Amino acid sequence: MLPCGALLWRRLLRKRWVLGVVFGLSLVYFISSTFKQEERMVRDRNLLQVQEHEQPIMWKVKFSSGNSSQLSNQCRNSVQGKLLITDELGYICERKDLLVNGCCNVNVPSTRLYSCESCLPNGCCSVYEFCVSCCLQPSKQHLLERFLNRAAIAFQNLFMAVEDHFELCLAKCRTSSQSVQHENTYRDPIAKYCYGEYPPELLPV
């Protein structure tokens, strides 16, 4: 036999007014959650629009060839590549040729410095690691500085956190809203990793 509590609960659920109350509470919760989400989105949008370009943005990016990682014989690198890795000195190598200190083995013939293979003249590349390596060329400093000077306020959250040339190239080469059109299609489905000043040209639809 079922306990009295279970029998009472079953009887209550059979009554229409109980189901109506449950449905009403669920509806109220859904509506309140939707309004809270919309308020949060409006608040975040307003935060991005609070500042105007009356004052220049104080970027923290440092362009320096002599960094602490070289002194300590350690390298940061692009980490996630399955086949290729780019270290912060601008070398690109196969993952199997990465040394324990995080640097590419420069004694391997396939390791290249500041390689722009797979990159187009507009600064967009089909391989992320080549994008980072090409972006790290010292000659790209002025291009990156021009981009930062023109960067919209919407990009502050992304680029204000970077502190040097390597971190900037990692962030710049990642695909973002600049790389897509209609929110779901790449502007250039092949060369979608860009370090250049401008996003790829829109492809005809």
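Here the structure is a predicted model, which is why all the values come from computation and not from measurement.

Student: Looking at this model, I keep getting lost on the pattern of salt bridges. Mind explaining?
Tutor: Close approach of charged atoms lets side chains of opposite charge pair. Within the structure shown, the criterion is met by six salt bridges. Across the pair Lys 96 and Asp 97 runs a salt bridge, and its minimum N-O distance is 3.5 Å. Here Lys 96 falls in the exposed class, since its relative accessible area comes to 65%. Owing to a relative accessible area of 11%, Asp 97 belongs among the buried residues under this scheme. Here the residues in one salt-bridge network are Arg 76, Glu 88, Asp 164 and Glu 167, joined through shared partners.

Student: What's the story with the environment of Cys 104 in this structure? I'm lost.
Tutor: Examined against the element boundaries, Cys 104 turns out to sit in the loop between strand 2 (91-94) and strand 3 (112-113). Note: C-alpha distance between Cys 104 and Leu 89 (15 residues apart in sequence) is 9.0 Å. Excluding its chain neighbours within four sequence positions, the residues that come into contact with Cys 104 are Ile 85, Asp 87, Tyr 91, Ile 92, Cys 93, Asp 97, Leu 98, Leu 99 and Thr 111.

Student: How do you make sense of unusual backbone geometry when you look at a structure like this?
Tutor: What you tend to see is this: most non-glycine residues have negative phi, and most peptide bonds are trans. Backbone geometry at Val 79 places phi at a positive 65 degrees, although glycine is not the residue there. Here Val 79 is to be found in the loop between helix 3 (68-71) and strand 1 (84-86). Assessed through its relative accessible area of 55%, Val 79 is described here as exposed. Even without glycine at this site, Ser 118 takes up a positive phi of about 75 degrees.

Reading the values: the criteria
Residues numbered from 1 in each chain as written. Predicted model: local features only at pLDDT ≥ 70, side-chain atom pairs only at ≥ 80, totals over all residues. Heavy atoms only, no water. Salt bridge = Lys/Arg side-chain N within 4 Å of Asp/Glu carboxyl O. Buried < 20%, exposed > 50% of the residue type's maximum accessible area, 1.4 Å probe, protein only. Helix = DSSP H or I, 4+ residues; strand = E, 2+ residues; numbered from the N terminus. Contact = heavy atoms within 4.5 Å.

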